[in-house]
Amino acid sequence: MMRLTYLLPAPMHATELGETEMRRRAGLLAEWSPPGTEITVSAVSRGPVSIESAYEDYLSIPAMADQACASVDAGADAIVVGCFGDPGLDGLRELVRRPVIGPSAAAMSLAASLGHQFSVVTVVEGVRPLLRRLAWEAGLSDALGVIRAVELPVIDLNRDHERAFSVLRGECERVLAETDTDTLVLGCMSMGFLGAAERLTEELGVPVVNPVRAAVHQADTLHRMGLAHSPRAYRTPAKLRQGTNRADLIRTTDAPLEVTP
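Reading guide: rules and limits
Sequence positions are assigned chain by chain, starting from 1 and proceeding in written order. A pLDDT threshold of at least 70 governs which residues receive local features in this predicted model, and a stricter bar of 80 or more applies before side-chain atom pairs are shown or counted, although totals over entire chains, interfaces and linings include all residues. Values shown for side chains rest on all heavy atoms present in the structure; no hydrogens or waters enter the calculation. Every helix listed is a DSSP run of H or I at least four residues long, and every strand listed is a run of E at least two residues long, numbered separately from the N terminus. Radius of gyration: over C-alpha atoms. The globule rule applied is 2.2 Å multiplied by the number of residues raised to the 0.38 power. Only protein chains enter the calculation, and the probe is 1.4 Å; a residue is then buried if its accessible area is under 20% of its type maximum, exposed if over 50%, and partly exposed in between. Per-residue and other accessible areas follow the Shrake-Rupley method at a 1.4 Å probe size, with only the shown protein chains counted as cover for residues. Here, a salt bridge means any Lys or Arg side-chain nitrogen found within 4 Å of an Asp or Glu carboxyl oxygen. Defined by distance alone, a disulfide is two cysteine sulfur atoms within 2.5 Å. In this analysis, strands are considered paired if DSSP registers two or more bridges between them. The contact criterion used is simple: two residues touch if any of their non-hydrogen atoms lie within 4.5 Å. Where helices are involved, their axes are fitted lines through C-alpha atoms of the stretch in contact, as for all axes, and angles between N-to-C directions lie from 0 to 180°.

(A) Structural context of the overall build of the chain. What the chain contains, in helices and strands, is 11 helices and eight strands. What you see for the chain is a C-alpha radius of gyration of 19 Å, in line with the 18 Å of a compact globule of 261 residues. The dimensions of the chain, computed from C-alpha atoms along their principal axes, are 55 × 55 × 40 Å. When burial is assessed residue by residue, the chain has 50% of its 261 residues classed as buried. Approximately 13,000 Å² of the chain is accessible, and the part contributed by carbon and sulfur atoms is 50%.

Have a look at this one:
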């Protein structure tokens with residue numbers, strides 16, 4: 001049995017989507033997971049309501065670190081980061097010795113194994129440079145074709161699923177018509193929970209990778225094989241090895257200070 005934490009980097013329960021959407025996603029994760037997997041969808045207590053920029057990526061990381069450590073302390077065998085931008089992935093892997101899966105890396109790696117050129121369809125224009133950087137970090141730049149955006153913010157994707165699917169399909173069709181793309185990746189976790197990848201794979205006749213499912217199954221594979229990220233690549237911070245508490249890594253003062261010569 002694997003105990004899997006799906007870690008939301010946003011306080012979804014404090015948004016208009018609420019706990020209902022968290023429970024819906026937990027149900028889909030249970031359907032998509034191997035038998036016997038115990039799923040927990042865990043939302044942070046503070047952070048941006050959605051992540052559509054590098055700045056929002058960074059805002060989400062401190063609370064995610066707290067939640068990831070708490071999940072492992074409670075018995076989690078693996079953690080999936082619930083954002084396609086893989087926020088905080090390196091830092092989370094430094095803190096816990098369980099598999100921590102970044103869905104962008106998982107989905108892109110899978111897509112690269114299914115064809116010669118994959119392209120990503122994501123939410124808004126502003127995240128395109130971030131995703132190209134993630135492909136480069138994963139060593140997949142040569143296999144990446146284009147990154148296109150449907151220009152629907154994450155919250156809007158969740159308001160009207162059928163409209164979101166229609167817009168998404170239209171952009172996928174354009175990518176296939178205009179480029180040599182043979183495989184597609186949905187570049188947003190909310191897109192993954194639309195059921196769109198499965199429909200598009202059938203309707204468009206090419207593999208369309210759902211990043212949620214790619215990440216969950218990678219977590220299961222690593223757990224079954226007894227593998228996790230290398231401690232040589234993701235070293236526990238020296239201060240923590242020497243006994244400093246995580247909370248003590250941050251020093252606060254009453255006010256910032258500026259000096260001039």
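(B) View of the pattern of salt bridges. A full pass over the atoms with the stated rule returns 18 salt bridges. Here Arg148 makes a salt bridge to Glu171, at a shortest N to O gap of 3.4 Å. Of this pair, Arg148 sits in strand β6 (residues 144-149) while Glu171 sits in helix α7 (residues 161-178); the two residues are 23 residues apart in sequence, bridging distant segments of the chain. Take Glu171: its relative accessible area is 11%, and that puts it in the buried class. For Arg213, the salt bridge identified is with Glu198, shortest N-O distance 3.1 Å. Here the residue Arg213 occupies a position in helix α10 (residues 211-225), and Glu198 occupies one in helix α9 (residues 196-204), the gap between them amounting to 15 residues. Judged by relative accessible area, which is 29%, Arg213 ranks as partly exposed. What makes Glu198 partly exposed here is its relative accessible area of 29%. Taken together, the salt bridges that share partners define one network made up of Glu162, Arg169, Glu173, Arg199 and Glu203.

(C) Expanded view of the state of the cysteines. Tallied over the entire structure, the rule returns zero disulfides. With no disulfide of its own, Cys69 has Cys83 as its nearest cysteine by sulfur position, at a separation of 19 Å. Classification of Cys69 by relative accessible area gives buried; the value is 11%. For the unlinked cysteine Cys172, the closest cysteine sulfur is that of Cys188, found at 13 Å. Judged by its relative accessible area of 0%, Cys172 is buried.

(D) Region of the structure containing the sheet that holds strand β7 (residues 183-187). Spatially, the four strands line up as an open sheet ordered β6-β5-β7-β8, and their pairing is parallel. Edge positions in the sheet fall to β6 and β8 (208-209), since each of these pairs with one other strand and no more. Where β7 and β8 come together, two bridges link them in parallel fashion. What sits directly across from Leu184, in β8, is Val208. On top of the sheet, α7 reaches β5 (118-122), β6 and β7; it is set at about 145° to β6, its chief contact.

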